[in-house]
Each structure stands twice: as structure tokens, then as C-alpha cells.
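A structural walkthrough
Listed below, chain by chain, are the residues.
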Amino acid sequence: MGQLRQSGYQITANAEEADTVVVNTCGFIDSAKKESIEAILEAASLKSAGKATRLVVAGCLVERYRDQLKAEMPEVDAFIGTSQINDILNVCNPKTNTRSLPVIPLGNQSATYLYDESTPRVLATPSYYAFIKIAEGCDRPCAFCFIPQMRGHFRSRRFGSIIAEAHQLAEEGVKELILVAQDSSRYGEDLGKQDALAHLLRELSHTDGLEWVRVMYTYPTHISDTFLDVLAEEPKAVKYLDMPLQHASQNVLKSMRRGGNRASLERLIERVRARVPDIAVRTTFITGFPGETKEDFKELLAFVRNVEFDRVGVFTYSNEEGTPAYDLPNKVDSKLATQRRARLMKEQAKISRQKNRARIGETVRVLFEGESKETELLWQGRMETQAPDIDGCVLINDAPEGFVPEPGEFVNVLIEEAHEHDLIGRIVI
Ligand code: SF4
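Let me sum up the structure you'll find in this document.

About the cut-offs
- Residues numbered from 1 in each chain as written.
- Predicted model: local features only at pLDDT ≥ 70, side-chain atom pairs only at ≥ 80, totals over all residues.
- Heavy atoms only, no water.
- Buried < 20%, exposed > 50% of the residue type's maximum accessible area, 1.4 Å probe, protein only.
- Helix = DSSP H or I, 4+ residues; strand = E, 2+ residues; numbered from the N terminus.
- Arc of directions from axis to C-beta.
- Contact = heavy atoms within 4.5 Å.
- Core = buried A, V, L, I, M, F, W, Y, C linked by side-chain atoms within 4.5 Å.

Bringing helix α8 (residues 225–233) into the picture now. Of all the residues in α8, the buried ones are Phe-227, Leu-228, Val-230 and Leu-231. Down the axis, α8 shows its buried residues gathered within 155° of arc, on one side only. Lining the buried residues of α8 we find α7 (196–204), β8 (212–215), β9 (240–242) and α10 (262–275).

Spelled out as C-alpha cells, the structure:
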């Protein structure tokens, strides 16, 4: 979007208005692939209705199914994979004959793209928060995951480049930075640096204008004490750990090729909580991985009950061709996987409700976001322990007479009610 805007294109979020429609796709799991295909077909119908003249499909789905998509979707003018971002101007140019584009072979060799601080950007998020990608790709062997094949080998951005980008974003009014990568906790390893994520987080926490720096997608074997100490010591480093664990039974973790067991994960969470008081721990699990027995699932359930995570997301296993798990025997019936998912979520709902209820009467610092997404009768915001889009929020039902904060401002909210995901309260001065 940044490159397009810089060369004179106008960007619209309304596809009906566009001459050129670009569909950026995901190719991770079944549900994401379906959503991507639906979006492409919707865009194609705009083209056949004479609204758009050019349709470009970009991203991971292209990286994974380039040949198939080309063969089955003649209405698409150009496909660009994850490493062809710099071709965007070329494929959007009405003079380009898109059939003459270079064909990039499938697989790791092609995925080398890494942006830097000079890459033009258009924020697709509200103006007060922004994501920064600190690394790309992944070298881990998780058996269910196709990402390494779509995104290539792990490679980190330079330290200085990330700092420079953070400064630019802070100057533009961003208050919350969210650091992402496929494997964040490994940041800097390939540059020969130790504990680079901890250093990066510390440095970013000293950026004028920023208020929160959040890290997403850490890996359980790479949570160093140095990193935890930065979370504990730096007021702007949010007390929040997002760490997908996927399972807790040793058998399942082993066949997922992730290692560890329930006891080692429990010790890890204890260490995290001991070093960073009041930290919120978020994780995700997969139910129905091939070979997951009743006992394995019971162990996962007991683990969740015992650890009392602050937030949990649960996915059912998606059988992805080209991954090692695809060839594993003892596939779990998808209905059973869905039931287990529901059971696990029910267990977590109880825990979340209790944890939220314990906050009633507390006054918390909230990043004000404006009108609630659910109803125009309420406002909403987030505490530092709530990441945008994936966690709950703080709904605001009252404020002192005449007090109307701007989105991106920080306010104090007295919590008066609590639900499973969201808290409800009023602004106090
Ligand atoms: S660490 Fe994440 S991205 Fe990498 S292989 Fe495992 S699940 Fe996939």
C-alpha cells in the first residue's frame, strides 16, 4: 500500500470503488484458505460486473498454490507471492502485460523478502497502534505447520532498522507498538546476537511518544530470564506474554515435533509469573492432532485448569498437505476435535470469568479506542493485558459530564462489571 500510494495511487478499503483490486491472502489452515478463496471470487465478480478492471492476488496462498490458482482462476490478472512485494507497482500498472511476469519457483528459496525502515507504509490499523514485523520466516519443525514453506527461513531485521521505524511511527502518533514475527523470541539469533529481543524491547521502551510495546508469538523454549526482566522492569513493556503452546501432553508434543511436557510447561509458567508479577499469559492450543487420545486430552484439560491462563485460544487440527502431520496415522474425527475444543474453551471461560470478576472495584489504565464495536451506546478501550482483535476489551458506559476522550488517549476506568471476555466500567478522573 505504501509503494502504491507513493506512486500516486489512491487507496480505498471499498472494493466497489476500485479500478484495481488486490486481494492479500492467507494459506495457513483450511478456514483461512476458504476465506481467501471467497474474497478472490467476490473480487472476480466485481470485475465481471464491470466495476474493476484488474485483479491481483497476493500473499501466502499464492506461495502455496501458485500453479493451481493460475490454472483455475483465469479471471485473476496477476499472482504475486510473499517475496514479490516489490512487483506490486508492476502488476498494478495498466500497461503491464501480467502474463509476462517472472515466475518464481515454489518453496523456501523464493522467500527472502524483508522490509526496512525506508519501505513506505500505510497503516491499516487505527492511528494509535501499529504492528512492526521484526523477523520473517521460521526454521522450526512443527509437524502441523506449512508456514516455513510459505515464508522461508528465519531472518531478522536489523536492530537499527526496527528502532528507526519505531521512532517514525511514534512521531506519527502511534502509542502502542506490537512486535510480530513467526518466531519472535528467536529475534537476532541469525545476526549472531544473544538476547536480542530483550535488548530490542528495552530500547523500544525508551522511545518518546510510545506508551506500550507488546511482543506476540514467542516460543516456549526461548523465554529467557533477561527478556522477562525487561518485561518486569520497563513500564512501557506491557506485562503480557503471548506464547502458543499447542498442547500439554508429552505424546502429542512429541509427535508435533515441539518437545516438552506438562511438567516442563508448568515450570515455565511459574518462572514467568514469579519474575513478572501481574503478567497476563496468553496461549493457543490445537485439539484433535493425529494420535491425540482421550488421556492426552484429559491431560491438556488438567493443565489448563491448573495453570489458569489469562487468555486461551483453541483451534481444531487442520490436516495440511505437505506437512509431516498429514502423513501421520490415527487421525482424530473432526467432530471429536470440535467437541474437545468446546470442552477446553468452556473450562477456560470459567477461569476467565473468575479472573475478570476479581478486577471489579479496581481502577485500571485504559487505552481509549472510541465507540464500541458492538454497540454505539458504549465506548471501548483496552488495558495493557488485552491485545487488539484477539482479546477482550474494557467497555465504558459512563464518564464525567462533558468528558469525551480522543481515540489513542489514556483514561482511568473504574471496573464495575465483568464478563468472560470483557470488563465494564466508567471513566474516572
Ligand atoms: S514455530 Fe510457529 S510458524 Fe514456526 S513451524 Fe512452529 S507453528 Fe509454524
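This part takes up the nonpolar core. With 71 residues, the main nonpolar core has Leu-177, Phe-227 and Phe-303 as its most contacted residues. Every residue in contact with Phe-227, bar those within four places of it in the chain, is listed here: Leu-197, Ala-198, Leu-201, Val-215 and Leu-241. Residues Ala-44, Leu-46, Ala-52 and Leu-55 belong to the second largest nonpolar core, which totals 17 residues.

Right, let's get into the environment of Val-91. Along the chain, Val-91 turns up in helix α4 (residues 88–92). Val-91 gets classed as buried once you look at its relative accessible area, which sits at 0%. Distance from Val-91 to Ala-130, taken between C-alpha atoms, is 27 Å for residues 39 residues apart in sequence.

The next thing to look at is unusual backbone geometry. Non-glycine residue Asp-195 carries a positive phi angle of around 55°. If you trace the backbone, Asp-195 turns up in the loop between β7 (176–180) and α7. Here Asp-195 falls in the partly exposed class, since its relative accessible area comes to 30%. Phi angles above zero are rare outside glycine, and Glu-308 is one such case at about 55°.

This is a description of form; function is not addressed.
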